[in-house]
Amino acid sequence: MLSVRSMPPSECLSLLGLTEPVSVEQIKQSYRRLAHHLHPDRNGGDEAAHQRFMLVTEAYRTLVLASQAVERGRQVGTCVHCGRFGEVARGVDGSSLCTRCVLSPRGGRLLPMPVLVVARCLTAIALICVAGYLLLQALAAEDARRVVAYSAAASASGLLSLLALAWTCVTVRVCLTHHERNLSRSYREAENGRRSRRRS
Ligand SMILES: [Zn+2]
């Protein structure tokens, strides 16, 4: 069976019998018309019509979710991991990942880390190294005042690194929750839209 997963937006449009440029309203109209003809209830178990209905619905869903993402000011493109077209987030290496692959550990990486989060992680690592170095200096020092000074500096550096790590964890958690909420909301909206059309 054909899959919309690897299909660019132009092919999704041609499944709906449309070509660019096109408005969201035209996409909706075309889908309503096709779904009316291909709906399983009207085709008495015709497998070909059913397959086409599924394909057209998936293409419609892909296009609507993408246009909703654009309206919210999000980036839209093709995911380098699964090939799905839709809302994407950019990874540190500049590659685009869809919202599912970004959240899935099977996507290879859990998050496209914002530059600030990466910088904070590196700072924490550097501070831990400095704390270790100062601790060694404190152990090697013979003068009691130097021992106290080095120990104090090592503790301060260790504490700062822990703070930087905690801050990073909170940022990542907030970022993940935000992503999940947006994702489930856009699916809910698309689902509600489909249901209300089915009723009408
Ligand atoms: Zn993906």
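Undergrad: Looking at this model, I keep getting lost on the packing of aromatic side chains. Mind explaining?
TA: Aromatic ring pairs are described here by two measures, namely the spacing of the ring centres and the angle between the planes. Taken as a whole, this structure holds 1 aromatic pair when the rule is applied. Ring centres of Tyr31 and Tyr60 lie 4.1 Å apart, and the angle between their planes is 5 degrees; this geometry places the pair in the stacked category. Taken together, the positions of Tyr31 in helix α2 (residues 24-38) and Tyr60 in helix α4 (residues 47-71) put the pair 29 residues apart, joining distant regions of the chain. With respect to class, Tyr31 is no different from Tyr60; both count as buried. Positioned over the ring face of Trp167 is Arg120, at 4.0 Å from the centre of the ring.

Undergrad: So what exactly am I meant to see when it comes to the environment of Gly158 here?
TA: Checked against the element boundaries, Gly158 lands in helix α7 (residues 144-199). Using a relative accessible area of 22% as the deciding quantity, one classes Gly158 as partly exposed. Measuring from C-alpha to C-alpha, the distance between Gly158 and Gly132 comes to 8.3 Å, with 26 residues separating the pair along the chain.

Undergrad: Would you mind going over the sheet that holds strand β1 (residues 75-78) with me for this structure?
TA: Taken together, the 3 strands give an open sheet; going across it, the order is β1-β2-β3, and neighbouring strands pair in antiparallel fashion. Edge strands, defined here as strands with exactly one partner in the open sheet, are β1 and β3 (96-98). Recorded for the sheet is a direction-independent mean angle of 65 degrees between the axes of neighbouring strands. Where strand β2 (residues 85-90) and β3 come together, 3 bridges link them in antiparallel fashion. If you follow Ala89 over to β3, its bridge partner there is Leu97. Along the sheet, α4 makes contact with β1 and β2, crossing β2 at roughly 40 degrees.

Undergrad: Sorry if this is basic, but what is going on with the nonpolar core here?
TA: When a protein is soluble and globular, its nonpolar side chains tend to lie buried together. Counting 18 residues, the largest nonpolar core has Leu16, Ile27, Tyr31, Val56, Tyr60 and Leu63 as its most contacted members. For this core, the secondary structure elements donating two or more residues are α1 (9-15), α2 and α4. Considering every element that reaches this core, the biggest residue donor is α4, with 7 residues. Setting aside chain neighbours within four positions, we find Leu16 in contact with Ile27, Ser30, Tyr31, Leu34, Val56, Tyr60 and Leu63. Core analysis: the next-biggest nonpolar cluster, separate from the first, contains 6 residues, Ala89, Cys98, Cys101 and Val102 among them.

Undergrad: How should I be thinking about α4 in this particular structure?
TA: Each full turn of the α-helix corresponds to 3.6 residues, which orients residues three or four apart in the same direction. With 25 residues, α4 should reach 36 Å at 1.5 Å per residue; the first-to-last C-alpha distance of 36 Å fits that figure. A distance of 3.1 Å separates the backbone nitrogen of Ala48 from a side-chain oxygen at the start of α4, and that oxygen is part of Asp46. Once α4 ends, the next one or two residues include Gly73, with phi positive near 80 degrees.

Rules of the game
- Residues numbered from 1 in each chain as written.
- Predicted model: local features only at pLDDT ≥ 70, side-chain atom pairs only at ≥ 80, totals over all residues.
- Heavy atoms only, no water.
- Phe/Tyr/Trp six-rings, centres within 6.5 Å; stacked < 30°, edge-to-face > 60°.
- Helix = DSSP H or I, 4+ residues; strand = E, 2+ residues; numbered from the N terminus.
- Buried < 20%, exposed > 50% of the residue type's maximum accessible area, 1.4 Å probe, protein only.
- Lys NZ or Arg CZ within 6 Å of the ring centre and 35° of its normal.
- Pairing = 2+ DSSP bridges.
- Axes fitted to C-alpha atoms, helices over the stretch in contact; angles between N-to-C directions.
- Contact = heavy atoms within 4.5 Å.
- Core = buried A, V, L, I, M, F, W, Y, C linked by side-chain atoms within 4.5 Å.
- Expected span 1.5 Å × (residues − 1).
- Polar contact = N/O pair within 3.5 Å; in protein donor to acceptor, adjacent residues only side chain to side chain.

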